[in-house]
Amino acid sequence: MIKTGIFSGSFNPVHIGHLALANYLCEYTELEEIWFVVTPHNPMKDPAMLIDDSLRLEMVRIAINGYPKFKVSDFEFSMPKPTYTIRTLRNLKERYPERDFTLIIGSDNWQSFPRWKSAADIIKEFGLIIYPRKEHPVPDNTALPDNVRYVGAPLVEISSTMLRDALSQGKDLRFFLPAGVYQFWKDSCTLE
């Protein structure tokens with residue numbers, strides 16, 4: 001079984017914080033690969049603020065190019081809306097039985113995780129790796145349920161919202177974005 005982390009999100013846009021975290025998880029946990037699953041529409045987010053699905057997918061492709069432990073997935077693009085994590089994970093498991101999938105979430109999402117659809121089933125069937133987010137503490141591992149683990153990854157607080165705002169104002173934030181993504185943004189991405 002190939003141990004595969006599922007890092008799901010809107011990646012609106014993908015930035016160096018996403019990549020640094022995924023890199024850390026590949027090097028300091030049992031995960032052999034990280035799949036960036038680009039979510040077409042998170043029901044918790046305003047769809048008007050989302051860059052086009054295909055553009056977000058392409059930015060992740062550009063960002064991870066050349067790193068063999070990262071893959072990009074548009075798996076949720078063909079799923080019924082809204083996409084629920086449990087449905088995505090079960091469909092992935094069915095399609096890729098040779099993989100052992102684990103969901104990766106931030107400590108901010110851990111606090112609301114009990115409200116997720118089939119949260120207990122996600123933990124039981126797939127497990128979770130939780131990474132730190134500023135102002136969202138997680139108890140130590142001994143207080144977490146079985147199959148859930150907190151990893152003390154470096155805290156890289158970069159907000160996609162801040163990046164979108166700054167880029168729309170013409171600010172040059174090329175060092176916050178992976179190589180190639182800044183130019184792609186300038187050439188292709190706008191929010192109405």
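As the structure is a prediction and not an experimental result, all values here were calculated from the model.

Some thoughts on the nonpolar core
Grouped burial of nonpolar side chains is what soluble globular proteins tend to show.
Inference 1: Phe 7, Leu 25, Ile 34, Phe 36, Met 59 and Phe 70 are the most contacted members of the largest nonpolar core, which totals 36 residues.
Inference 2: Among the secondary structure elements, those contributing two or more residues to this core are helix H1 (16-28), strand E2 (33-38), helix H2 (53-64), strand E5 (128-131), helix H6 (160-168) and helix H7 (181-188).
Inference 3: Here this core gets 6 residues from one element, more than from any other, and that element is H2.
Inference 4: For Phe 36, the contacting residues outside a window of four places in its chain are Phe 7, Phe 11, His 18, Leu 19, Ala 22, Val 60, Ile 64, Phe 70, Lys 71, Val 72 and Ser 73.
Inference 5: Formed by 22 residues, the second largest nonpolar core is a distinct cluster that contains Trp 35, Phe 75, Ile 86 and Leu 103.

Details of unusual backbone geometry
Inference 1: Here the residue pair Asn 12 and Pro 13 is connected by a cis peptide bond, since its omega of 10 degrees sits within 30 degrees of zero.
Inference 2: Note that the residue after Lys 81, namely Pro 82, is joined by a cis bond; omega there is -10 degrees.
Inference 3: Topologically, Pro 82 is positioned in the loop between strand E3 (70-73) and helix H3 (85-95).
Inference 4: At Ser 118, a residue that is not glycine, the phi angle is positive and equals roughly 55 degrees.
Inference 5: Tracing the sequence through the fold places Ser 118 in the loop between helix H4 (107-112) and helix H5 (119-125).
Inference 6: If you check the backbone angles, Glu 135 has positive phi at about 65 degrees while not being a glycine.
Inference 7: Its place among the elements puts Glu 135 in the loop between E5 and strand E6 (148-150).
Inference 8: Of the residues examined, Glu 135 reaches a relative accessible area of 68% and is grouped as exposed.

Analysis parameters
One numbering rule holds for all chains: residues counted from 1, following each sequence as written. Two thresholds apply to this predicted model, a pLDDT of at least 70 for residue-level local features and 80 or more for giving and counting side-chain atom pairs, whereas whole-chain, interface and lining totals are computed over all residues. Working from all heavy atoms in the structure, the side-chain values ignore hydrogens and water. Think of a nonpolar core as a cluster: buried Ala, Val, Leu, Ile, Met, Phe, Trp, Tyr and Cys residues, connected wherever their side-chain atoms sit within 4.5 Å. The cut-offs for exposure are 20% and 50% of the maximum accessible area for each residue type, with area from a 1.4 Å probe on protein chains only; residues under the lower value are buried, those over the upper are exposed, and the others partly exposed. The helix count covers DSSP runs of H or I at least four residues long, the strand count covers runs of E at least two residues long, and both are numbered beginning at the N terminus. The criterion used for residue contact is that any of the two residues' heavy atoms lie within 4.5 Å.

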